[in-house]
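# Understanding the architecture of this molecule
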Amino acid sequence: MSEPLHRALGLTDDEAAEIERILGRRPNSLELAMYAVMWSEHCSYKSSRLHLRRLPTAGEGVLVGPGENAGVVDVGDGIAVAMRIESHNHPSAIEPYQGAATGVGGILRDIFTMGARPIAVMDPLRFGPLDDPRSRWIAEGVVSGISGYGNSVGVPTVGGEAEFDETYRDNPLVNVFCLGVLPVENLVLGRATGVGNLAVLVGAGTGRDGIGGVSVLASAGFSEGEDESAKRPSVQVGDPFEEKRLIEACLALYDAGLVVGIQDLGGAGLTCATSETASRAGMGMDVDISAVRRREPDMEPFEVMTSESQERMLAIVTPQDLDEVLAVCRKWEVSAGVIGRVTSGGSLRVLDGFGGEVLADIPAASLHDDAPCYDRPRTPPARDAQGDDHVATTEGVDLGEDLLAMLLDTSWVWRQYDHQLFLNTVLGPGSDATLLRLKHPLTGRDTGRGLALTTDGNHRWCSVDPRQGTAMVVAEAVMNLATVGARPVALVNCLNFGNPEHGEVMWQLSEAIDGMAEACRAFAIPVVGGNVSLYNESGGADIAPTPVVGMLGLVDGLDVPPPTTSLVDGSRLILIGDHVAALGGSRWAFERGQRGGPLPPLDLRAHSRVATAVRDLVNGGLVNSVHDVSAGGLGLCLAEMAVRSGVGFNVAGIHGLAELFGESPSRCVVGADPELAGTVLRVCESAGAPTTELGFAGGAHLHVEDLLEVSLTEASSRYHDRLPSALGAGTTQG
Amino acid sequence: MSTRVGIVLFPGSNCELDVAEAVRSLGGDAEILWHDEPSLRGVDVVVLPGGFAHGDYLRPGAIARFSPVMEKVVAFAEAGGPVVGICNGFQVLTEAGMLPGALQKNAGLKFVCQMAQLRVESVDSVLTAGLTVGDIVKMPINHFEGNYTCSEQTLTRLRSNDQVILRYVGNPNGSLDDIAGICNEGRNVVGLMPHPERASHELLGSLDGVPLLRSLLAPATPGCADPLSG
């Protein structure tokens, strides 16, 4: 006997019984399919919702918090910023080019749904090791997909991350962050208000691509021996030119005031867009499924209602405005047609023609509000006693070689992205934080201020201690913003974890959320949106916990470009911030299989003092280079500054391996003109930030007294050659 | 009176607002011309901006050349009016036969977005009139199909007529003879892959695009189209 339909759709027996209770009858197969996609982990957050409530979401300037398509923050001068981060991990593992491309497309729609023009994309990427051919294939395809879609759709990719680690073999993390700007008064919400208003489906035709993407792909892991190519039809296919016209058409509709509410079609397709817009407004909707323009003949109603075909939006408009709406869409060569009507009473009905047969009839709100919410068991791991702090010896260790092995230039990735469009990019990819000019989205008027952006994650810190590790990730983002002179304003998160049915994974998730909440409270940063990606596992092994944050900061006066991470010959080098000599959670220790703890301590108040000092120095024009100390420790920080500038350094006072490669948080290296060094030290002192004078920038070597000396030439070639030699000129896809 | 620059917007173009911002910052007037408009509204200069006109379907520029506005652009150029195609605009100009040669995929088969160094080779064009031959300038490039190619006879003609206006220093895309920009025999139609508008603000890393845009904004020279007609 074959398994019951609800199980094949990914619903448990209890969930099926609950659906029957809500409806007071047995659901038909279309209704069951609609519940299955909406109650999937991806759409309902059923394993994480309980915990996400602990994050602070209120704050100055927050116009829209979590729960809408994107968070929105008022940044002054009549301008608001919409921001969101998403994952496209599973699709990218199966079909890297389209998986990544549609990830970009999806996040853009989340942003222009709010009335904002998307102006910046960032891609935090995590792949398996470079010596694994499949991981290289995934990395190459993902980067091509982002480049192919993002460049063509006309939104610059201004930053991100590229990491390679064993934990992401077979389960890469492809996260994508997007930011848009809008005149405050243009803010649009995804609400279907007004009985009799029309639901207009705008954009691409509906096909069979991406059916069940949220349930088949995003809410289950990959098992051993499973043929992943069998899941390929669940991956959507993107068309950036369709999306570009869709963006322009929607922005034109907003400017003309023709839209009552709007929602993009992403995960769970029409089912999600119709039910969410209706239930947010306390309304219902009649959907005429026969009016949905299709790409293929003979599609079943459940296919039409759950298809994740890309580049579609659902606009709610008044009947009087319909002709004008259709005219705007025609100008942009975007197809549009009425497929629904807003009704009172709260029912989402799927009809075969208005007045025709009723194919489904369910309470719209039940797809969201009644979705299951699980308090899944949480089990702290049994800690092995293996510490690693005692390894702080240089005997038998070639520190120079260890340093060289960590150097990696990611420009191979971001040179393939248009990162300059819109003439905003003051500091782009490869910087500690991206810095954009802030212009009014309609008038183009330059505010003389800047938007700073960073995305950060560190799976090593978080696997040693998910709570403190996540707090350290938030702290690192704050420091990255400080290096361009920005103060933090808001945060979005993408929580990439393993299988929530594993007790340890749920424990990691809960701890990470607590760590993020603590840090956000300490820095007064509201969480305005997020995404949870679970079931990141392969062959039964969960990925290391990888919460990623995207943080927005503001620079008040942007007259001259801030200093970069590049050293200036002859400068004095100063370390700001205190440290503990400990290797727990460090990259150096992990690469030697030492995954024990504890992490070096994090003092959030001390961190704020260092960040304030750095911000003051940058804004005061007192430093000529600046780089935060993070993965790879002080050693890698200095080495990156050297290879990016072609200027060596000569430093002293770093005592041993643990001080060289330990990753004590809350530290930054700055370079200063010798005549300004005294002022720099005084500014730090008055901010309450401790300093250590390290030495000088200059020469043709990376020299740390008593520890290592390597030639700048060798370091530079290792830095620059690593990715091109692993990934090559490569091939093109798509 | 300020020079009026008409910037053609094809569906899929994306640098039109950037060009407009740069033009306005230098005192020019910028107007966006929709691709199926029947008139150029009497502008003094036409710019075909960067982007992906019509999604670059088939080949970059292959469909854009059939957009209704292109008939007007051809007539404007034949009357001596200055026309500049930047990046995708250069591709459109070659597809439309307004400039010789073609732009194929980069030698590395990758999209390339980076700063490029260029040598000014000719100042006898509407875009380079304000520069000096031999000057080295810095401007970003941002393309997948920027690898210029043409027949041997065409190359000979381009050289002998001094039609190569910009060459790369350190060829980033495999272009024949390091060609980054060319003009037609009348010197009023120019195509280039680098983006002068991206090098026109002190916060963006280079101001070297400014002299090029200023050349374009200089008062119309005799023989150019009457700004009141067309």
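Calculation notes
- Residues numbered from 1 in each chain as written.
- Chains lettered and ligands numbered in written order.
- Predicted model: local features only at pLDDT ≥ 70, side-chain atom pairs only at ≥ 80, totals over all residues.
- Heavy atoms only, no water.
- Helix = DSSP H or I, 4+ residues; strand = E, 2+ residues; numbered from the N terminus.
- Rg over C-alpha atoms; globule rule 2.2 N^0.38 Å.
- Buried < 20%, exposed > 50% of the residue type's maximum accessible area, 1.4 Å probe, protein only.
- Contact = heavy atoms within 4.5 Å.
- Pairing = 2+ DSSP bridges.
- Axes fitted to C-alpha atoms, helices over the stretch in contact; angles between N-to-C directions.
- Polar contact = N/O pair within 3.5 Å; in protein donor to acceptor, adjacent residues only side chain to side chain.
- Buried area = accessible area lost by both parts, 1.4 Å probe.
- Salt bridge = Lys/Arg side-chain N within 4 Å of Asp/Glu carboxyl O.
- Expected span 1.5 Å × (residues − 1).
- Disulfide = S-S within 2.5 Å.
- Phe/Tyr/Trp six-rings, centres within 6.5 Å; stacked < 30°, edge-to-face > 60°.
- Lys NZ or Arg CZ within 6 Å of the ring centre and 35° of its normal.
- Parallel < 35°, antiparallel > 145°, perpendicular 65-115°, else oblique.
- Core = buried A, V, L, I, M, F, W, Y, C linked by side-chain atoms within 4.5 Å.
- pLDDT = per-residue confidence, 0-100.

What follows is about the overall build of chain A. Broken down by element type, chain A carries 24 helices and 28 strands. Scaling as 2.2 N^0.38, a compact globule of 734 residues should have a C-alpha radius of gyration of about 27 Å, and chain A matches this with 26 Å. Once the C-alpha set of chain A is aligned to its principal axes, its extents read approximately 85 × 60 × 45 Å. Here chain A holds 734 residues, and 64% of them are scored as buried. Summarising the internal contacts of chain A: among those between residues at least 6 apart in sequence, 84% fall at separations of at least 24.

Moving on, we come to the overall build of chain B. Secondary structure summary: chain B contains five helices and eleven strands in total. In summary, chain B has a C-alpha radius of gyration of 16 Å against a globular reference of 17 Å for 230 residues, a match within 12%. Considering only C-alpha atoms, chain B reaches an extent of 45 × 35 × 35 Å along its principal axes. For chain B, the proportion of its 230 residues judged to be buried stands at 60%.

The next thing to look at is the sheet that holds strand β8 (residues 261–264) of chain A. Residues and elements named next belong to chain A. Read from one edge to the other, the open sheet built from seven strands follows the order β8-β10-β7-β11-β9-β12-β13, with strand pairing classed as mixed. The strands lining the two open edges of the sheet, one partner per strand, are β8 and β13 (357–363). For this sheet, the mean angle separating the axes of adjacent strands, direction not counted, is 20°. Relative to the sheet, helix α3 (residues 29–38) contacts β12 (347–352) and β13, its axis offset from that of β13 by approximately 40°.

Assignment of secondary structure puts K439(A) in strand β15 (residues 434–439). A polar side-chain atom of K439(A) sits 3.1 Å from a polar atom in the side chain of N424(A). Every residue in contact with K439(A), bar those within four places of it in the chain, is listed here: I79(A), F422(A), L423(A), N424(A), G444(A), R445(A), D446(A) and E21(B).

So, about the interface of chain A and chain B. By convention, interface size is frequently given as the accessible area that disappears when the constituent parts associate. Contacts between the two partners involve 36 residues from chain A, matched on the other side by 30 residues from chain B. Area buried by chain A at its contact with chain B is led by F241(A), Q420(A) and L423(A), which between them contribute 23% of it. Across the chain A-chain B interface, the total number found is four salt bridges. Taken together, the connections running from chain A to chain B amount to eleven residue pairs in polar contact (both at pLDDT 80 or more). If you list the elements that add at least two residues to the side of chain A that touches chain B, you get α8 (133–153), α10 (240–255), β14 (425–427) and β15 of chain A. For the side of chain A that touches chain B, the leading source of residues is α8(A), giving five residues.

This paragraph deals with the pattern of salt bridges. Residue and element names in this part refer to chain A. Here the structure, examined in full by the defined rule, presents 47 salt bridges over all chains. For the salt bridge of R169 with E166, the shortest nitrogen-to-oxygen distance reads 2.7 Å. A residue is classified by how much of its surface remains accessible, and E166, at 44% relative accessible area, is partly exposed. Between E248 and K244 there is a salt bridge whose closest N-O contact spans 2.9 Å. Taken as a pair, E248 and K244 lie in helix α10 at a separation of four residues, close to a single helical turn.

What follows concerns helix α18 (residues 503–523) of chain A. Residues and elements named next belong to chain A. The first and last C-alpha atoms of α18 sit 31 Å apart over 21 residues, in line with the 30 Å expected at 1.5 Å per residue. Burial analysis of α18 places 17 of its 21 residues in the buried class, the great majority of the element. The first or second residue beyond α18 is A524, which carries a positive phi of 55°.

Attention now moves to helix α5 (residues 210–217) of chain B. The element α5(B) is largely enclosed, with a buried count of six among its eight residues. Considered for burial, the residues of α5(B) that qualify are V210(B), L212(B), L213(B), S215(B), L216(B) and L217(B).

The next point concerns the pairing of β8(A). Residue and element names in this part refer to chain A. Across the two faces of β8 the burial is the same, with G261 and Q263 and I262 and D264 all buried. Pairing of β8 with strand β10 (residues 312–317) involves four bridges; the strand directions are antiparallel. Within the sheet, the bridge partner assigned to D264 lies in β10 and is M313.

We now examine unusual backbone geometry. All names here are of chain A. A cis amide bond, omega -5°, links G597 with the succeeding residue P598. Here P598 shows up in the loop between α19 (587–590) and α20 (604–619). The backbone phi angle of E333 is positive, close to 55°, even though this residue is not glycine. Structurally, E333 can be placed in the loop between α13 (322–331) and β11 (336–343). Here L423, not a glycine, exhibits a phi torsion of approximately 55°, which is positive.

What follows is about the state of the cysteines. Simply put, the disulfide is a covalent bond whose two ends are the sulfur atoms of two cysteines. Evaluation of the coordinates by the stated rule reveals zero disulfides over all chains. C250(A) carries a free sulfur, and the closest cysteine sulfur to it, the one in C329(A), is 7.1 Å from it. Residue classification places C250(A) among the buried positions, given a relative accessible area of 1%. C87(B) provides the cysteine sulfur closest to C113(B), a residue in no disulfide bond, and the two sulfurs are 9.8 Å apart.

Per the stated rule, a full pass over the model turns up five aromatic pairs over all chains. A centroid spacing of 5.2 Å and a plane angle of 75° characterise the contact between Y35(A) and W39(A), whose relative ring orientation is edge-to-face. Across the pair, exposure class does not vary: Y35(A) and W39(A) are buried alike. Lying across the ring of F241(A), R245(A) places its NZ or CZ 4.3 Å from the centre. Lying across the ring of F144(B), K105(B) places its NZ or CZ 5.6 Å from the centre.

All names here are of chain A. Helix α11 (residues 269–280) packs onto α3 with a crossing angle of 80° between their chain directions and a minimal axis gap of 10 Å. Here α3 is positioned roughly perpendicular relative to α11, judged by the angle of their axes. Facing α3, whose interface residues are M34, V37 and M38, α11 presents T271, C272, S275 and E276.

Below, the discussion takes up the nonpolar core. Among the nonpolar cores identified, the biggest contains 68 residues, and V474(A), L491(A), I576(A) and V614(A) are the most heavily contacted of them. For V614(A), the residues in contact, after removing those within four places along its chain, are M479(A), A482(A), T483(A), I576(A), V626(A) and C668(A). Grouped together as the second largest cluster of nonpolar side chains are 66 residues, L33(B), L48(B), L158(B) and V164(B) included.

Residue and element names in this part refer to chain A. With mixed pairing, the seven strands of this open sheet are ordered in space as β23-β25-β22-β26-β24-β27-β28. The sheet is open, and its two edges are formed by β23 (625–628) and β28 (708–711), each paired on a single side. With strand direction ignored, the average angle separating the axes of adjacent strands in the sheet is 20°. Pairing geometry for strand β22 (residues 572–576) and strand β25 (residues 668–672), over five bridges, is antiparallel. Each residue of the ladder has a partner; that of I574, found in β25, is V670. Its contacts with the sheet place helix α23 (residues 677–687) against β22, β25 and β26 (691–697), and it is angled at close to 5° to β22.

Another aspect to go through is the confidence of the model for chain B. Regions with low pLDDT should not have their predicted coordinates read in detail. Residue and element names in this part refer to chain B. Confidence in the prediction of chain B, expressed as mean pLDDT, is 94, and 95% of residues score 70 or more. Here residues 221–230 is modelled with pLDDT under 50, and outside its nearest four sequence neighbours on either side it reaches 14 contacts, counting other chains as well. Here the predicted complex carries an ipTM of 0.94, next to a pTM of 0.95.

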